[in-house]
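Descriptive analysis of the structure
Here are the chains, one letter per residue:
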Amino acid sequence: MADDPSPSFADRYGPWGLVLGASHGIGNAFAHELAARGVSVVMAARPDDGLDAAADAVRAAHGVEVRTVEVDLIADDMIGRLAPATADLDIGLLACVAGGVDSVGRFLDHPAERAERLVRLNCLAPIRACHHYGSHLRARGRGGIVLISSLAGVFGTDGTVAYSAAKSFDLVLAQGLWAELRPHGVDVIGLVLGNVRTPTLLASGLRHDPDTFPGMEPDEVARVGLDRLGEAPMWVVGDDNRMIYETLRTLPAVDGIDAMSAGVRAQYGWD
Ligand SMILES: NC(=O)c1ccc[n+]([C@@H]2O[C@H](COP(=O)([O-])OP(=O)(O)OC[C@H]3O[C@@H](n4cnc5c(N)ncnc54)[C@H](OP(=O)(O)O)[C@@H]3O)[C@@H](O)[C@H]2O)c1
């Protein structure tokens, strides 16, 4: 986390940031990183998931104002809950982070509703939030939006069919918004992540011992992501992940799909 808050960051992206999916994992790290940079934070997550304790921790660590909003992001009325709860705040940064829940498992081995929930969380919720808060950012002529993609979104993959499709959507959504909002002083970035050691990933049925499973730490992702905001429409976080991303993009589709699918099978111990 940044110990030396940059006033220019808070001027540009404050006074308030809104993090969707902030009670644990990468979203929680974004809440801390924003607060460390002097931005007050709205932390949104589902009810009864430790949100209040997570908010107390951000307040105690950084001394900024923190507000919580309990909202199920896959619900049709998610903006109907978020908008009134933030109407009195000048939101300068939106980070749409929640997305990894139930991302692994073969498409036809689960009800279609499971895949639909992934699309709601990763696609519909960011669309709705970007439309609502993006209008405010465009009108005030400055601010930022962070969307989260994944190496899993580079190719369609056996075992993460809907998740990979949704993560591909997130990256392209970020790129389009970057192009549309750049002339209005609003920075948008799509972050491409590899494995990050979050509660969601570590509980996802990995074949490996979660204690030693390799991956980036959430706070590094948040720090790099916010450092890169305003510099580029997308960023692959982590040197190793950037190499993997560049290699994947040189492959013919069949080879890329096979490589990604073999990786998921190995990670989860499937045949
Ligand atoms: N971890 C990785 O290895 C990895 C790799 C690549 C990309 N990513 C992406 O990074 C993002 C964050 O991943 P993560 O691993 O930190 O876990 P995550 O499960 O996507 O996010 C956790 C946060 O989102 C909240 N959340 C989940 N579903 C919600 C819902 N329906 N409504 C409101 N809040 C909800 C969680 O609260 P609850 O307690 O309610 O669940 C928690 O605060 C995701 O978009 C994921 O796709 C992760």
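Presented here is an overview of the structure given in this document.

What counts and how
Residues numbered from 1 in each chain as written. Predicted model: local features only at pLDDT ≥ 70, side-chain atom pairs only at ≥ 80, totals over all residues. Heavy atoms only, no water. Helix = DSSP H or I, 4+ residues; strand = E, 2+ residues; numbered from the N terminus. Expected span 1.5 Å × (residues − 1). Bend = angle between axes of the 7 residues up to and from the residue. Buried < 20%, exposed > 50% of the residue type's maximum accessible area, 1.4 Å probe, protein only. Polar contact = N/O pair within 3.5 Å; in protein donor to acceptor, adjacent residues only side chain to side chain. Contact = heavy atoms within 4.5 Å. Salt bridge = Lys/Arg side-chain N within 4 Å of Asp/Glu carboxyl O. Phe/Tyr/Trp six-rings, centres within 6.5 Å; stacked < 30°, edge-to-face > 60°. Lys NZ or Arg CZ within 6 Å of the ring centre and 35° of its normal. Core = buried A, V, L, I, M, F, W, Y, C linked by side-chain atoms within 4.5 Å. Near = heavy atom within 4 Å. Areas by Shrake-Rupley, 256 points an atom, 1.4 Å probe, with all protein chains shown as cover. Nonpolar A, V, L, I, M, F, W, Y, C, P; charged D, E, K, R; others polar. Patch = residues over 30% accessible without salt bridge, like charges linked within 9 Å, V, L, I, M, F, W, Y side chains within 5 Å. Arc of directions from axis to C-beta. Pairing = 2+ DSSP bridges. Right-handed = clockwise from strand over helix to strand, strands pointing away.

Here the focus is helix H5 (residues 112–140). Given a rise of 1.5 Å per residue, 29 residues ought to cover 42 Å, and the 41 Å separating the end C-alpha atoms of H5 matches this to within 8%. Along H5, the largest kink reaches about 40° and is centred on Arg 120.

One can find Ser 103 in the loop between strand S4 (91–96) and H5. On the accessibility criterion, Ser 103 (13% relative accessible area) is buried. A polar side-chain atom of Ser 103 sits 3.0 Å from the main-chain carbonyl oxygen of Gly 100. For Ser 103, the contacting residues outside a window of four places in its chain are Leu 118, Gly 159, Thr 160 and Tyr 163.

On to unusual backbone geometry, then. The omega angle of the peptide bond from Gly 14 to Pro 15 is 0°, so this bond is cis rather than trans. Even without a glycine there, the phi angle at Asp 102 is positive, about 55°. Checked against the element boundaries, Asp 102 lands in the loop between S4 and H5.

Right, let's talk about the pattern of salt bridges for a bit. Enumeration according to the criterion identifies 15 salt bridges in this entry. A salt bridge links Arg 120 to Asp 76, with the nearest nitrogen and oxygen atoms 2.9 Å apart. Taken as a pair, Arg 120 in helix H5 and Asp 76 in the loop between strand S3 (66–70) and helix H4 (78–86) lie far apart in primary sequence, 44 residues in all. Connected through salt bridges with shared partners, the residues Glu 33, Arg 37 and Asp 227 form a single ionic network.

In this structure the tally under the stated criterion is two aromatic pairs. Between Phe 9 and Tyr 13 the ring centres are 4.8 Å apart and the planes differ by 55°, which places this aromatic pair in the tilted class. Separated by four residues within a single helix, Phe 9 and Tyr 13 lie in helix H1 (residues 7–13), roughly one turn from each other. Across the pair, Tyr 13 and Phe 9 agree in class, each one buried. Between Arg 37 and the ring centre of Phe 9, over which it is positioned, the NZ or CZ distance is 4.9 Å. Here the guanidinium or amino end of Arg 228 rests over the ring plane of Trp 235, the centre of that ring lying 3.9 Å away.

Before going further, it helps to examine the nonpolar core. For soluble globular proteins, nonpolar side chains are generally found buried alongside one another. Val 19, Phe 30, Leu 34, Met 43, Val 146, Leu 191 and Leu 193 are the most contacted members of the largest nonpolar core, which totals 36 residues. Breaking this core down by element, the ones donating at least two residues are H1, helix H2 (25–36), strand S2 (40–45), helix H3 (51–62), S4, strand S5 (143–150), strand S6 (186–193) and helix H8 (218–228). A per-element tally of this core places H2 first, with six residues. If you look at the next biggest cluster of nonpolar residues, it comprises 30 residues, including Leu 73, Cys 96, Ala 125 and Ile 145.

Within the structure, the ligand sits among 31 residues, and Ser 23, Val 97, Gly 100, Tyr 163 and Thr 198 are positioned closest to it. Take His 24: an N or O atom from its side chain is 3.1 Å from an oxygen atom of the ligand. In this structure, Asp 72 approaches the ligand through a side-chain N or O atom, which is 2.8 Å from a nitrogen atom. For the ligand, whose accessible area on its own is 870 Å², the fraction buried by protein is 95%. Sorting the residues of the shell around the ligand by element identifies H2, S5, helix H6 (161–181) and helix H7 (199–202) as the ones contributing at least two each. By residue number, the principal contributor to the shell around the ligand is S5, which donates three residues. Here the residues of the shell around the ligand sort into 15 nonpolar, twelve polar and four charged.

This brings us to a nonpolar patch on the surface. Taken together, the side chains of Phe 107, Leu 108 and Val 161 define a hydrophobic patch exposed on the protein surface, amounting to about 320 Å² of accessible area. Residue placement: Val 161 occurs in helix H6. With a relative accessible area of 39%, Val 161 lands in the partly exposed category.

With that out of the way, let us pick up helix H9 (residues 239–250). Under the 1.5 Å per step criterion, the end-to-end length of H9 is 17 Å for twelve residues, consistent within 8% with the ideal 16 Å. Of the residues making up H9, those classed as buried are Asn 241, Tyr 245 and Leu 248. Looking straight down H9, one finds that the buried residues subtend no more than 65° of arc, so they occupy a single side. Facing away from the buried side of H9 by more than 90 degrees, the exposed set consists of Asp 239, Asp 240, Met 243 and Thr 250.

Within S6, eight of the eight residues are buried, which leaves it mostly tucked inside the rest of the structure. Of the pairings in the sheet, the one linking S5 to S6 comprises eight bridges and is parallel in character. Among the inter-strand pairings, Ser 149 is bridged to a residue of S6, identified as Val 192. Regarding the hand of the β-α-β motif, the stretch spanning S5, H6 and S6 is right-handed.

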